[in-house]
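One-letter residues, chain by chain:
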Amino acid sequence: MSYEIGIAADYLDLADKMDAFLLKGHTLQPVYTGSGDGRIDGLIGTAASVQEVITVVFSSTTEFTVAGSVTGSMGTGTVGTAFSHEKVSFTISAGSTPWAVGDAIAVVLTPPWSRMRLVSDRHEYIWKAPGNSNADEIYVGIHTDYNASADWYDWQLNGFVGYSAGAAFGGQPGAIPDLGPRVCLWAQAIPYWFFASGRRVIMVAKVSTVYETMYLGLLDCPYMSPGEYPYPLVVGGTLAFSQATTVPGSADAAWRWSNTGTNHAAFWRARSTYGTYSDGIQWRMRRIDGVWRGFACDQADSTARMGQIWPYYNGFQNTRKNLDGTYPLFPIIPYDGLVDNAGCNVYGEVGSMMAVPGEANASENTVTIGRENWLVVQDTFRTGYGCYCAIRMD
Amino acid sequence: MAYETGSSSGVVDLLQKLATWLATNGWTINYSGSHGNGWRLHVSSGAMHVHLKACVNEGAPFNLNHSRDIPFYGFCLYAGSGWSGSSAEWYAHPGGPAAKGTSTTCGAAVRMTSGAIPSYHFFDDGDGNIFIAMERSAGSFRWMSWGFLSSAGVLPGTNAGQYFSGSESWYYQNLSLDEPPFSVSWDAKVFIRADVDSYTGKWLCLGDFYGETDRAAYSSVTNDTGGNIAGWNFNSNAAADYLPGEPSGIARYYHGCHPDNLYFQKAQTSVQSLRPGFLPFHLWAARDSSGYSLLGTVPSVYYSNAVGNGYAAGEILQIESDSYVLFPHCAVKKVA
């Protein structure tokens, strides 16, 4: 996935920056062939990007040519120097084994997302993602919400099956029909990490010492074919309230980033806020039958009203580093484990987002596995051994 | 990379067939000959030495006498680091696991019957990992395997990552368990070599109740027998009814247990397409202080509940260019 690291002025500027990031082309994970073990980094498209495969071929240990399967020749570049073209840019670095003539790197480039709506005064955005093959129409959006006197500034998140210009945010086709997940932000500077492909965007936002994570788009590695499950849309945030029980008043501090309750949790370690209802859960996924299912990792419910998240649901807090001191990574998998196998499903993997042990770990660490760099992030304010995930940065 | 399937007249015949097949696939046959009522086979490839015995109404050939050493039909095996010659006792070759509190070699067992074996399946993944599925009776399979794990990082120690397994322990070989391979059981049936903190130069084993070594290992797949074994009710969801020493807080999936436990394994076959999922067998080691570290995964063998959910034992499932043979509780990659 393409990624961007920066600092936004506040929660509104963060929305604008994410919009600008999404309106560029994005890349999928690079595929390396040959003996050189350097890496390609900083891959990002532009507003002019098209769906194509970018191929880098080395002509020496330090020189390479770049071509797109649609664009054709994009020029030449040098290891260690940023390569920039009107459709893509990146930097290639040398590894311990030099690049060799004929070594190659192939990267899928996807077109920019489309902005369907911008309501500037309220900072409401709706985007359409093209998919990783430019064959999808994936609709997601954010709607900022705040109470200045209560000092909370949030993004309300949602996902849709289409777009209606005349409909309100929550009235878009197929929208989550309740409050849905949110992320808790603030009106001060926010360090951020954006990750995007053609089918989803992931955000990490640091608010004080709390890490907010967000996911909008399709599940990246579904276990079912597109024909069986064409639209596994995920909306993941860090805050959720169940309308089936009690939604706090606007002045309540529960809406704030400093909330330390169970309703404030990273979607990948979502909690069943009030025990039994999908609408109080930070991870929602549009199931095959169109129901916005909640997925949680606590043990509060066994009555089939929500799905579960492996491995966190089954316990991860005693998982330590490997015996050689490296970190194992485990896929994060939403599943329905209903009673007596009725309605069971394992939906797939989040992809490029893995569970990592918290032993000797901390947010913003980088776990390196071969050529892969993974950003370590904690579950909001939690720092226990089982409270971390890692997001791949390339 | 090889695969063979067929039927066998009995445990001795099967071990002889295995010897022939292993030799064909590059293994050195150090010895293959009669032993007691049965047959013994000693094979090696690189650092892996495997010692097998087909038992014909006789006790386990380990030098570990105990009250449950009851004559049976089946197999015993252990892996080690060398071969001491045909004159050495079956159990006396170097580098095998030692039974808890002793220096005496122990290993795994497989309980079969006195009759014919309806089907067998030999798998070699081409990297020295051997998996053997044997149909004990119609639809009920038992397992033997050995090789090297796909390790999590670099495992410390000599021959680290080496593993071998059976379906039962040397101690309880008369107890026939219809369980997944590489699953946590109260019966020590899977042995793994790795240095873990202060525990060095020895074997870990899955299962820490009967037949164990001095340090337990664990699996991501926890046993379910579908009923009671000597008071352990695996159909209960009470925490006290879980296996003794079973760890919590590691990434795992449950094979069975109480329906109210929403564990991963129950859900792995899609109701949408009936297509089964394949899950890796993660193997874990308990650390000296606390917690567990991943040792690695078993190559080419996956947990699957396909059989019984739309698929039959022995059926071959094609996934793109790969094919897998399905068994109760597992699927094995078929490479030829």
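Residues numbered from 1 in each chain as written. Chains lettered and ligands numbered in written order. Predicted model: local features only at pLDDT ≥ 70, side-chain atom pairs only at ≥ 80, totals over all residues. Heavy atoms only, no water.

### Examining the overall build of chain A
Phase 1: Secondary structure summary: chain A contains 1 helix and 31 strands in total.
Phase 2: Against the 2.2 N^0.38 benchmark of 21 Å for 394 residues, chain A shows a C-alpha radius of gyration of 21 Å, consistent with a compact globule.
Phase 3: With the principal axes as the frame, chain A shows a C-alpha extent of 65 × 55 × 45 Å.
Phase 4: Split into buried and exposed, the 394 residues of chain A put 59% on the buried side.
Phase 5: Across chain A, every contact between residues at least 6 apart in sequence was considered, and the portion connecting residues at least 24 apart equals 61%.
Phase 6: Entry remark: accessible area of chain A is about 12900 Å², with carbon and sulfur atoms responsible for 52%.
Phase 7: Positive and negative side-chain charges in chain A, numbering 25 and 36 respectively, have mean positions lying 2 Å apart. (Helix = DSSP H or I, 4+ residues; strand = E, 2+ residues; numbered from the N terminus. Rg over C-alpha atoms; globule rule 2.2 N^0.38 Å. Buried < 20%, exposed > 50% of the residue type's maximum accessible area, 1.4 Å probe, protein only. Contact = heavy atoms within 4.5 Å. Areas by Shrake-Rupley, 256 points an atom, 1.4 Å probe, with all protein chains shown as cover. Lys, Arg positive; Asp, Glu negative; His and termini not counted. Charge placed at Lys NZ, Arg CZ, Asp CG, Glu CD.)

### A word on the overall build of chain B
Phase 1: Looking only at helices and strands, chain B features 1 helix and 24 strands.
Phase 2: Residue pairs at least 24 apart in sequence account for 56% of intrachain contacts in chain B once pairs closer than 6 positions are excluded.
Phase 3: Accessible surface, chain B: about 10900 Å² in total, of which carbon and sulfur atoms supply 45%.

### Things to note about the sheet that holds strand 8 (residues 83-84) of chain A
Phase 1: Spatially, 3 strands are ordered 4-9-8 (chain A) in an open sheet, and the strand pairing comes out antiparallel. Among the strands making up the open sheet, the edge pair consists of strand 4 (39-45) and strand 8 of chain A. (Pairing = 2+ DSSP bridges.)

### Brief notes about unusual backbone geometry
Phase 1: Cis geometry is adopted by the peptide bond preceding Pro311 of chain A, which originates at Trp310 of chain A and carries an omega value of 5°.
Phase 2: Tracing the sequence through the fold places Pro311 of chain A in the loop between strand 23 (307-310) and strand 24 (330-331).

### A few points about the confidence of the model for chain B
Detail in the predicted coordinates should be disregarded across regions flagged by low pLDDT.
Residues and elements named next belong to chain B.
Phase 1: Across chain B, the average pLDDT comes to 84, with 80% of residues at 70 or higher.
Phase 2: Ignoring residues within four places in sequence, the model shows residues 224-245, a span with pLDDT below 50, making 51 contacts including any to other chains.
Phase 3: Note on residues 256-262: pLDDT is under 50 here. Beyond four places in sequence and across chains, it has 25 contacts.
Phase 4: In the predicted complex, the global pTM is 0.91; the interface-specific ipTM is 0.89. (pLDDT = per-residue confidence, 0-100.)

### Some words on the pattern of salt bridges
Residue and element names in this part refer to chain A.
Phase 1: This structure, assessed with the given rule, holds 25 salt bridges over all chains.
Phase 2: With its nearest N and O atoms 2.9 Å apart, the salt bridge here joins Glu359 to Arg320. With a gap of 39 residues between them, Glu359 in the loop between strand 28 (353-355) and strand 29 (366-369) and Arg320 in the loop between strand 23 and strand 24 connect regions that are remote in the sequence. Take Glu359 and Arg320: they sit in the same class, and that class is buried. (Salt bridge = Lys/Arg side-chain N within 4 Å of Asp/Glu carboxyl O.)

### Considerations on the packing of aromatic side chains
Phase 1: Tallied over the full model, the rule gives 51 aromatic pairs over all chains.
Phase 2: The ring of Tyr32 of chain A carries the charged tip of Arg371 of chain A above its face, separated from the ring centre by 3.8 Å. (Phe/Tyr/Trp six-rings, centres within 6.5 Å; stacked < 30°, edge-to-face > 60°. Lys NZ or Arg CZ within 6 Å of the ring centre and 35° of its normal.)

### Thoughts on helix 1 (residues 11-22) of chain A
All names here are of chain A.
Phase 1: Here helix 1 contains 12 residues, and its C-alpha end-to-end distance of 17 Å stays within 8% of the 16 Å for a straight helix at 1.5 Å per residue.
Phase 2: Inspection of helix 1 places Tyr11, Asp13, Leu14, Ala15, Met18, Asp19, Phe21 and Leu22 among the buried residues, and these make up the whole buried set.
Phase 3: N-cap assignment for helix 1: the residue whose side-chain oxygen lies 3.1 Å from the backbone N of Leu12 is Asp10. (Expected span 1.5 Å × (residues − 1). Polar contact = N/O pair within 3.5 Å; in protein donor to acceptor, adjacent residues only side chain to side chain.)

### Regarding the nonpolar core
Residues and elements named next belong to chain A.
Phase 1: Core analysis: the biggest nonpolar cluster contains 52 residues, and Leu14, Met18, Ile142, Trp155, Leu185, Met203 and Met214 have the highest contact counts within it.
Phase 2: Tallying contributions element by element places helix 1 first for this core, with 6 residues.
Phase 3: Discounting residues that sit within four places of it in the chain, Ile142 has contacts with Ala15, Met18, His123, Glu124, Tyr125, Trp127, Trp155, Gln156, Leu157, Phe169, Met214 and Leu216. (Core = buried A, V, L, I, M, F, W, Y, C linked by side-chain atoms within 4.5 Å.)

### Digging into the sheet that holds strand 30 (residues 372-378) of chain A
All names here are of chain A.
Phase 1: Pairing within the open sheet is antiparallel, and its 5 strands lie in the order 24-28-31-30-29. Edge strands, defined here as strands with exactly one partner in the open sheet, are strand 24 and strand 29.
Phase 2: Pairing of strand 29 with strand 30, which is carried by 4 bridges, proceeds in the antiparallel orientation. Of the residues in strand 30, the one forming a bridge with Thr366 is Leu375.

### Thoughts on helix 1 (residues 11-24) of chain B
Phase 1: Taking 1.5 Å of rise per residue, the 14 residues of helix 1 of chain B would be expected to cover 20 Å, and the 20 Å separating its terminal C-alpha atoms lies within 8% of that figure.
Phase 2: Note on helix 1 of chain B: the residue one or two positions beyond its end, Gly26 of chain B, has a positive phi of about 95°.

### Topic: the side chain of Asp19 of chain A
Residues and elements named next belong to chain A.
Phase 1: Along the chain, the position of Asp19 falls in helix 1.
Phase 2: In this structure Asp19 comes out as buried when scored by relative accessible area, which is 5%.
Phase 3: Within the structure, Asp19 has its side chain in polar contact with the side chain of Trp127 (distance 2.8 Å).
Phase 4: What Asp19 contacts, discounting residues up to four positions off in sequence, is Arg115, Tyr125 and Trp127.

### What about the side chain of Gln162 of chain B?
Phase 1: With respect to the helices, strands and loops of the structure, Gln162 of chain B is situated in strand 11 (residues 162-165).
Phase 2: Each residue touching Gln162 of chain B, except ones within four places of it in the same chain, is listed here: Ala47, Met48, His49, Gly80, Gly147, Phe148, Phe191, Ile192, Arg193 and Trp203 of chain B.

### Looking at the pairing of strand 13 (residues 190-193) of chain B
Residues and elements named next belong to chain B.
Phase 1: Of the two faces of strand 13, both are covered, the one formed by Val190 and Ile192 as well as the one formed by Phe191 and Arg193.
Phase 2: By the bridge criterion, 3 bridges tie strand 11 to strand 13 in an arrangement that is antiparallel. Note on strand 13: the bridge partner recorded for Tyr163 is Ile192.
Phase 3: Direction of pairing for strand 13 relative to strand 14 (residues 203-206): antiparallel, over a ladder of 4 bridges. Bridge assignment links Arg193 to a residue of strand 14, and that residue is Trp203.

### Considering the pairing of strand 7 (residues 72-78) of chain A
The side chains of a regular strand alternate, first on one face of the sheet and then on the other.
Residue and element names in this part refer to chain A.
Phase 1: Summarising the sheet, strand 6 (residues 63-68) and strand 7 pair through 6 bridges and their orientation is antiparallel. What sits directly across from Gly68, in strand 7, is Gly72.
Phase 2: The turn linking strand 6 back onto strand 7 is made up of 3 residues.

### Details of the environment of Cys184 of chain A
Phase 1: On the secondary structure map, Cys184 of chain A appears in strand 15 (residues 182-185).
Phase 2: Residues Cys184 of chain A and Ile105 of chain A lie 79 residues apart in sequence; the distance between their C-alpha atoms is 39 Å.

### Side note on the state of the cysteines
Phase 1: A complete count under the given rule lists 0 disulfides over all chains for this structure.
Phase 2: We note that Cys297 of chain A lacks a disulfide partner, and the nearest cysteine sulfur, in Cys387 of chain A, lies 8.6 Å from it.
Phase 3: On the basis of relative accessibility, which here comes to 4%, the residue Cys297 of chain A falls in the buried class.
Phase 4: Summary of cysteine pairing: Cys76 of chain B is not part of a disulfide, and the nearest cysteine sulfur, belonging to Cys55 of chain B, is at 4.2 Å.
Phase 5: Taking the relative accessible area as the measure of exposure, Cys76 of chain B reaches 0% and is therefore buried. (Disulfide = S-S within 2.5 Å.)

### Notes on the environment of Tyr231 of chain A
All names here are of chain A.
Phase 1: Mapping Tyr231 onto the fold places it in the loop between strand 19 (221-222) and strand 20 (233-236).
Phase 2: Sequence separation between Tyr231 and Glu137 is 94 residues; the distance between their C-alpha atoms is 9.4 Å.
Phase 3: For Tyr231, the residues in contact, after removing those within four places along its chain, are Glu137, Ile138, Tyr139, Phe160, Val161, Leu218 and Arg286.
Phase 4: Here Phe160 takes part through its backbone oxygen, which lies 2.5 Å from a polar atom of the side chain of Tyr231.

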